[in-house]
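A closer look at the structure
Residues per chain, in single letters:
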Amino acid sequence: MTSIQHNLQQVRQRISAAAERCGRDPQEITLLAVSKTKPASAVEEAALAGQNAFGENYVQEGVDKIAALTTLSPLTWHFIGPLQSNKSRLVAENFAWCHTVDRLRIASRLSEQRPAHLPPLNVLIQINISDENSKSGIMLAALPELAKDVALLPGLRLRGLMAIPAPEASYERQLSVCQKMAEALAQLKQDYPYVDTLSLGMSDDMEAAIAAGSTMVRIGTAIFGARDYTNVTHNKN
Ligand SMILES: *Cc1c(COP(=O)(O)O)cnc(C)c1O
């Protein structure tokens, strides 16, 4: 067994164990394998081990891998990095999901640029849930207005919410932040009953995220090993 296969098995076991501890069906939780900075061959290895959802943070790097791997059985590509307007077309044309919608301008561009022959781009609104100095994501108070506008865009399908909580030392604190996100999703569902996705939980907080109700955990290092940014050729996005 390769180490990627082995790691995937362990991560799946962690997800199952966390789900079972809180009485959830592990099938409700999608594992998104975050392959940023890793070569296409690593994605291929994971795909051969049964993994089919992958997350990328850098537009051009992701597009290159998508192109290199089109012959593999269908993979679902999620864009999970900060998105600049001038890169939105590549996301609209190449990815199935975008987790980082945080302003109407980007959402409108993604909608306009989504090719007509593809199904609507699945989008998540990114919430700045830990309220720190992070520039990514909107405050919860701004969610109703952005959701209303995004839900009307024909090229997009609003699927839910995403957050990257600040690191917390204790499980209890992780859980309480994750629960705020779960409440926000429940509220959003009242107006948009088809909303079904909470993208929450990384290598260090996935147990708390799953206990709170996450439906999609984004795991990189625990699957592919530590990242080496020193000889990455992409510019920042
Ligand atoms: C890199 C990244 C991850 C994965 O992080 P790991 O700590 O490697 O599991 C998840 N979500 C986002 C948004 C990321 O940028």
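Refer to the structure printed above.
Presented here is a report on the structure given in the accompanying data block. (Residues numbered from 1 in each chain as written. Predicted model: local features only at pLDDT ≥ 70, side-chain atom pairs only at ≥ 80, totals over all residues. Heavy atoms only, no water.)

Considerations on the site of the ligand
Counted only if it meets this: Nearness is defined per residue: one heavy atom within 4 Å of the molecule or strand is enough. Counting of polar contacts relies on pairs of N or O atoms within 3.5 Å, with two restrictions inside protein: one atom must be capable of donating a hydrogen and the other of accepting it, and residues adjacent in sequence are counted only when both atoms are side-chain atoms. Accessible surface is estimated by sampling points in the Shrake-Rupley manner with a 1.4 Å probe; for residues, cover comes only from the protein chains shown. In this classification, Asp, Glu, Lys and Arg are treated as charged, Ala, Val, Leu, Ile, Met, Phe, Trp, Tyr, Cys and Pro as nonpolar, and every other residue, Gly included, as polar.
Neighbouring residues of the ligand: 13 residues in total, closest K36, N57, S203, T221 and R227. Within the side chain of N57, one N or O atom sits 2.6 Å away from an oxygen atom of the ligand. Within the contact set of the ligand, a nitrogen atom lies 2.8 Å away from a side-chain nitrogen or oxygen of R218. When the ligand sits alone it has 380 Å² of accessible area, and the protein chains cover 89% of it. Partitioned by chemical class, the residues of the shell around the ligand number six nonpolar, four polar and three charged.

Digging into the packing of aromatic side chains
Keep this limit in mind: Working definition: a ring pair exists when centres of Phe, Tyr or Trp rings (six-membered ring for Trp) sit within 6.5 Å. Plane angles under 30 degrees give stacked, over 60 give edge-to-face, the rest tilted. Remark: a charge is flagged as sitting over a ring if the NZ atom of Lys or the CZ atom of Arg is within 6 Å of the ring centre and within 35 degrees of the ring normal.
Scanning the entire structure with this criterion turns up three aromatic pairs. Here the aromatic rings of Y192 and Y194 are separated by 6.3 Å at their centres, their planes lie at 70°, and the arrangement is edge-to-face. R157 extends its terminal NZ or CZ atom over the ring of Y194, reaching a point 4.5 Å from the ring centre.

Things to note about the nonpolar core
This is how it is decided: For our purposes a nonpolar core is just a set of buried Ala, Val, Leu, Ile, Met, Phe, Trp, Tyr and Cys residues, chained together by side-chain atoms within 4.5 Å. Classification of residues uses two cut-offs on accessible area relative to the type maximum, computed with a 1.4 Å probe and protein chains only: under 20% is buried, over 50% is exposed, and between them is partly exposed. Each helix is a run of DSSP H or I of at least 4 residues and each strand a run of E of at least 2, with the numbering of both proceeding from the N terminus. Only heavy atoms enter the contact rule, under which two residues are in contact if any of them lie within 4.5 Å.
Core analysis: the biggest nonpolar cluster contains 67 residues, and F54, C98, L110, I125, V150, L161 and I223 have the highest contact counts within it. It is helix α7 (residues 171–191) that provides the largest number of residues to this core, a total of eight residues. When near neighbours in sequence (up to four residues on either side) are disregarded, F54 contacts L32, A33, S35, V43, A46, A47, L75, T76, W77, H78 and F224. A53, L124, M162 and M216 belong to the second largest nonpolar core, which has eight residues in total.

What about the pairing of strand β1 (residues 30–34)?
Our working definition: For two strands to be treated as a pair, DSSP must find no fewer than two bridges joining them.
Within β1, four of the five residues are buried, leaving the element largely enclosed by the surrounding structure. As defined by bridge partners, β1 adjoins strand β8 (residues 216–219) across four bridges and the pair is classed as parallel. Looking at β8, one finds that L32 is bridged to R218. Alignment of β1 against strand β2 (residues 53–56), held across two bridges, turns out to be parallel. Bridging across to β2, A33 finds its partner in F54.

A closer look at the pattern of salt bridges
Under the convention used in this document: We define a salt bridge as a contact between a side-chain nitrogen of Lys or Arg and a carboxyl oxygen of Asp or Glu at a distance within 4 Å.
Applying the stated rule across the entire model yields eight salt bridges. For D196, the salt bridge goes to R159, with nearest N and O atoms at 3.0 Å. Note that D196 is positioned in the loop between α7 and β7 (197–199) and R159 in strand β6 (residues 156–163), a separation of 37 residues in sequence. Among the charged side chains, a network of salt bridges with common partners joins E56, E61 and K65.

Some remarks on helix α5 (residues 104–113)
Where α5 is concerned, the buried positions are I106, A107, L110, S111 and Q113. Taken together, the buried residues of α5 touch α4 (88–94), β4 (97–101), β5 (121–127), α6 (143–151) and β6.

Regarding the pairing of β6
Stated formally: The path from the first strand over the helix to the second decides the hand: if it runs clockwise while the strands point away from the viewer, the crossover is right-handed.
When you tally the buried positions in β6, you get seven out of eight residues, the bulk of the element. Sheet analysis places β5 next to β6, joined by seven bridges and oriented parallel. Residue pairing for β6: V123 is matched across the bridge by L158. In the sheet, β6 pairs with β7 via three bridges, with the strands oriented parallel. Bridge pairing in β7 places L161 opposite L198. Regarding the hand of the β-α-β motif, the stretch spanning β6, α7 and β7 is right-handed.

Some details on α6
Defined as follows: Note: the arc covers the axis-to-C-beta directions of the helix.
For α6, the set of buried residues is L143, L146, A147 and V150. Taken down its axis, α6 places every buried residue within 100° of arc, on the same side. Summarising the geometry of α6, the exposed residues directed more than 90 degrees from the buried face are P144 and E145. At its buried positions, α6 is contacted by β4, α5, β5, β6 and α7.

Observations regarding the environment of R114
Position of R114 among the secondary structure elements: in the loop between α5 and β5. Note on R114: relative accessible area 10%, which makes it buried. A sequence separation of 41 residues divides R114 from G155, and the C-alpha atoms of the two residues are 5.8 Å apart. Look past the residues within four positions of R114 in its chain and what remains in contact with it is V91, A92, F95, A96, P119, P120, L121 and G155.

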